[in-house]
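# Reading the structure
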Amino acid sequence: IMRGKGSSLHQKLQEILSTRQFGDLTGYNDPKLWNAMSPDERELLGTLFTLQGHSLLKRGDKAALKSFSLAAKAAPSNSKVLFEKGAAYASQHHN
């Protein structure tokens, strides 16, 4: 199985990134599926969940918080993902 930046999964995640079709992330919401992912794929998935969260937050959709939570679980060592999650929660408590 080819893993990493050349894999079909990585290509699919890159496609979601370029098209911003965050609805396509639904199939990746189960953390059990992430075990087979490479670290790069998990980082990319975390970034995608973060971007999805921002998109939902702009619309006032509380599902944004779930997206940020998934981002932090997918990429727990990514400081940008963790920062974005904290900022999202902080903004919700002030609104």
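Attention here is on the structure that accompanies the text.

For the protein, the count of helices and strands is 4 helices and 0 strands. Its helices and strands taken in sequence order, the protein reads α-α-α-α from the N to the C terminus. The buried share of the protein, taken over its 95 residues, is 39%. Counting contacts in the protein only where the partners sit at least 6 residues apart, residues at least 24 apart contribute 53% of the total. Total accessible area on the protein is roughly 5600 Å²; 56% of this is exposed by carbon and sulfur atoms.

The subject of this paragraph is the environment of Gly-53. In this structure, Gly-53 sits in helix H2 (residues 39-58). Expressed as a C-alpha distance, the spacing of Gly-53 and Lys-85, which sit 32 residues apart in the sequence, is 8.7 Å. Contacts of Gly-53, omitting those with residues within four sequence positions, involve Ala-64, Ser-67 and Phe-68.

Moving on to the packing of aromatic side chains. Inspection of the entire model under this criterion finds 1 aromatic pair. Aromatic pair Trp-34 and Phe-49: ring centres 6.3 Å apart, planes at 50°, arrangement tilted. Of the two residues, Trp-34 sits in the loop between helix H1 (8-19) and H2 while Phe-49 sits in helix H2, which places them 15 residues apart along the sequence. Since its relative accessible area comes to 1%, Trp-34 is described here as buried. A residue is classified by how much of its surface remains accessible, and Phe-49, at 0% relative accessible area, is buried.

Scanning the entire structure with this criterion turns up 3 salt bridges. Put simply, Lys-80 and Glu-84 hold a salt bridge, and the shortest N to O gap is 3.2 Å. On the criterion of helical spacing, the pair formed by Lys-80 and Glu-84 is a turn pair, its members being 4 residues apart in helix H4 (residues 79-94). Given a relative accessible area of 12%, Glu-84 falls into the buried group. A single network of salt bridges, built from pairs that share partners, joins Lys-12, Glu-15 and Asp-24.

This brings us to the nonpolar core. With 16 residues, the main nonpolar core has Leu-13, Leu-25, Tyr-28, Leu-45 and Phe-49 as its most contacted residues. Only H1, H2 and helix H3 (64-74) provide two or more residues apiece to this core. With 4 residues, H2 is the single largest residue contributor to this core. Excluding its chain neighbours within four sequence positions, the residues that come into contact with Leu-45 are Leu-13, Leu-25, Tyr-28, Trp-34, Met-37 and Ala-74. In terms of nonpolar packing, the next biggest core, distinct from the first, is built from 5 residues, Leu-56, Ala-64, Phe-68 and Ala-88 among them.

Further remarks concern H2. The terminal C-alpha atoms of H2, which comprises 20 residues, lie 29 Å apart, in line with the 28 Å expected from a rise of 1.5 Å per residue. Residue Gly-60 follows H2 closely and has a positive phi angle near 80°.

Parameters and conventions
- Residues numbered from 1 in each chain as written.
- Predicted model: local features only at pLDDT ≥ 70, side-chain atom pairs only at ≥ 80, totals over all residues.
- Heavy atoms only, no water.
- Helix = DSSP H or I, 4+ residues; strand = E, 2+ residues; numbered from the N terminus.
- Buried < 20%, exposed > 50% of the residue type's maximum accessible area, 1.4 Å probe, protein only.
- Contact = heavy atoms within 4.5 Å.
- Areas by Shrake-Rupley, 256 points an atom, 1.4 Å probe, with all protein chains shown as cover.
- Phe/Tyr/Trp six-rings, centres within 6.5 Å; stacked < 30°, edge-to-face > 60°.
- Salt bridge = Lys/Arg side-chain N within 4 Å of Asp/Glu carboxyl O.
- Core = buried A, V, L, I, M, F, W, Y, C linked by side-chain atoms within 4.5 Å.
- Expected span 1.5 Å × (residues − 1).

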